[in-house]
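# Examining the three-dimensional arrangement
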Amino acid sequence: MLPLQLVDTFLLDYNIGQALLLVFILSTVGTLPLKSRHVLGINATLFGLIFLLTPVTLAQPHYLFLGITLLIVGPIVYVSGRR
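To start, this report covers the structure provided alongside it. Counting restarts for each chain: residues are numbered from 1 in the order of the written sequence. Local features in this predicted model are restricted to residues whose pLDDT is 70 or higher, and side-chain atom pairs enter the listing and the counts only when it is 80 or higher, whereas totals over whole chains, interfaces and linings include all residues. Excluding hydrogens and water, the side-chain figures rest on all heavy atoms present in the structure.

## Things to note about the packing of helix α3 (residues 37-53) against helix α4 (residues 62-80)
As a packed pair, α3 and α4 sit with axes 7 Å apart at the nearest point and diverge in direction by 160 degrees. In terms of their interaxial angle, α3 and α4 are classed as roughly antiparallel. Relative to α4, α3 is oriented so that their crossing is left-handed. Contacts between α3 and α4 involve Arg 37, His 38, Leu 40, Gly 41, Ile 42, Ala 44, Thr 45, Phe 47, Gly 48, Leu 49, Phe 51 and Leu 52 from the former and Tyr 63, Leu 64, Leu 66, Gly 67, Ile 68, Leu 70, Leu 71, Gly 74, Pro 75, Val 77, Tyr 78 and Ser 80 from the latter. Polarity classes work like this: nonpolar for Ala, Val, Leu, Ile, Met, Phe, Trp, Tyr, Cys and Pro, charged for Asp, Glu, Lys and Arg, and polar for all others, with Gly in that last group. Of the residues in the contact of α3 with α4, the class split is 16 nonpolar, 7 polar and 1 charged. To get an axis, fit a line to the C-alpha atoms, keeping to the stretch in contact for a helix; angles then go from 0 to 180 degrees between the N-to-C directions. Secondary structure is summarised from DSSP: a helix means a run of H or I of at least four residues, a strand means a run of E of at least two, and numbering begins at the N terminus for each. Our angle categories are set so that under 35 degrees counts as roughly parallel, over 145 as roughly antiparallel, 65 to 115 as roughly perpendicular, and the remainder as oblique. Handedness of each helix crossing follows the sense of rotation of the near helix against the far helix: counterclockwise by less than a right angle gives left-handed, clockwise gives right-handed. Contacts are assigned to residue pairs with any non-hydrogen atoms lying within 4.5 Å of each other.

## Focus on the environment of Leu 12
Here Leu 12 shows up in helix α1 (residues 4-13). Residues Leu 12 and Thr 54 lie 42 residues apart in sequence; the distance between their C-alpha atoms is 17 Å.

## Details of empty space enclosed by the protein
Computed over the protein atoms alone on a 1 Å grid, cavities are sets of points where a 1.4 Å probe fits but cannot get out and pockets are open sets with protein on both sides within 12 Å along at least five of seven lines; a residue lines them when it has an atom within 4 Å of a point. Grid points are joined across faces, edges and corners, and a volume is the space filled by probe spheres set on the points. A full pass over the atoms with the stated rule returns 1 cavity of 30 Å³ or more. Residue lining of the largest cavity: Gly 17, Leu 20, Phe 51, Thr 54, Pro 55, Val 56, Ala 59, Gln 60, Pro 61, Tyr 63 and Leu 64, and that is the complete set. Breaking the lining of the largest cavity down by element, the ones donating at least two residues are α2 (16-31) and α4. Along the lines of polarity and charge, the residues of the lining of the largest cavity split into 8 nonpolar, 3 polar and no charged.

Below, the structure is given as structure tokens:
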């Protein structure tokens, strides 16, 4: 568990869109050793939905477009995975 002051000092310097982007990149790197396109597609779709539902007042509008893009690319990556 992270101390609350550490999370607070991190979020004071950055907006929530940048923090979500960092978590998305770290989770994508974390799924690469699994070599599963299904997991990568689910990860991209889930973060696309999160970026899309994040209020524009907390993050800049270009994160909304990133969310739309991930919602399009995520299912394509999921379907292209082998069984």
